[in-house]
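# Observations on chain architecture
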Amino acid sequence: MANNVGSANVEISVDDGKARGKIKSFFSFLKSTTKIASGVAAGIGIFEGISSAIKGASESTIGANADMETYLNTLTVVMKSHKKAAQTLAWAKDFANKTPFETDEIVDATAKLQSYGMNAKKILPQIGDMSSVMGKSLDQGVSFSLAA
């Protein structure tokens with residue numbers, strides 16, 4: 001009987017060792033799977049961030065292009081020439097790059113001045129300087145100039 005008990009203990013120990021090995025193997029598998037899942041989740045997060053940035057940039061670009069098209073149409077009507085309007089719009093964009101004002105502010109001011117028969121290329125630099133010195137927006141400077 002002692003032999004049978006001893007033999008049973010050996011079998012239990014062997015089975016226990018096998019079970020521990022399988023459990024260790026299983027947890028190792030889970031650990032590697034978790035690392036992979038974390039990597040995939042991080043990749044998805046990065047992809048979502050990039051996707052969101054691209055979407056925002058494209059929406060902003062589409063909006064800006066639509067605004068420029070509107071300004072070009074306004075200038076074309078006011079100046080009675082698509083060619084002159086395109087040249088004036090190109091000047092306004094270039095001028096905006098040289099000033100602290102935003103491109104849409106400069107283009108809007110240009111369209112307003114031209115619609116009142118004023119040459120924006122000649123007077124907008126002065127209005128911009130005046131507005132900047134007085135701490136006013138460019139639109140306020142244009143409105144003041146038109147009222148004077």
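Residues numbered from 1 in each chain as written. Predicted model: local features only at pLDDT ≥ 70, side-chain atom pairs only at ≥ 80, totals over all residues. Heavy atoms only, no water.

## Some details on the nonpolar core
Note the following rule: Residues enter a nonpolar core if they are buried and are Ala, Val, Leu, Ile, Met, Phe, Trp, Tyr or Cys, with the set joined through side-chain atoms within 4.5 Å. Burial status follows relative accessibility: with a 1.4 Å probe on protein chains alone, a residue under 20% of its type maximum counts as buried, one over 50% as exposed, and anything between as partly exposed. Helix and strand assignments follow DSSP, with helices taken as H or I runs no shorter than four residues and strands as E runs no shorter than two, numbered in order from the N terminus. Every residue pair with non-hydrogen atoms within 4.5 Å of one another is taken to be in contact.
With 21 residues, the main nonpolar core has Leu-89, Ile-106, Leu-124 and Leu-138 as its most contacted residues. Of all elements in the fold, only α1 (2-79), α2 (82-97), α3 (103-115), α4 (120-134) and α5 (138-147) reach the threshold of two or more residues within this core. At 6 residues, α2 tops the list of elements feeding residues into this core. Leaving out residues up to four positions away in the same chain, Leu-138 has contacts with Phe-101, Glu-105, Ile-106, Ala-109, Leu-124, Ile-127, Gly-128 and Ser-131.

## Some thoughts on the packing of α2 against α4
Our working rule: Lines are fitted to the C-alpha atoms to define the axes, a helix being fitted only along its stretch in contact, and any angle between axes, read from their N-to-C directions, falls within 0 to 180 degrees. Note that the term roughly parallel is reserved for angles under 35 degrees, roughly antiparallel for angles over 145, roughly perpendicular for angles of 65 to 115, and oblique for everything else. For any helix crossing, the convention is left-handed if the near helix is rotated counterclockwise from the far helix by under a right angle, and right-handed if that rotation is clockwise. In the scheme used here, Gly and all other residues not listed as nonpolar or charged are polar, with Ala, Val, Leu, Ile, Met, Phe, Trp, Tyr, Cys and Pro taken as nonpolar and Asp, Glu, Lys and Arg as charged.
Taken N-terminus to C-terminus, the directions of α2 and α4 make an angle of 20°; their axes are 11 Å apart at the nearest point. Accordingly, the angle class assigned to the pair α2 and α4 is roughly parallel. The interaxial crossing formed by α2 with α4 has right-handed handedness. Contact with α2, carried on its side by Thr-88, Trp-91 and Phe-95, involves Ala-120, Lys-121, Leu-124 and Pro-125 of α4 and no other residues of that element. Partitioning the contact of α2 with α4 into residue classes produces 5 nonpolar, 1 polar and 1 charged.

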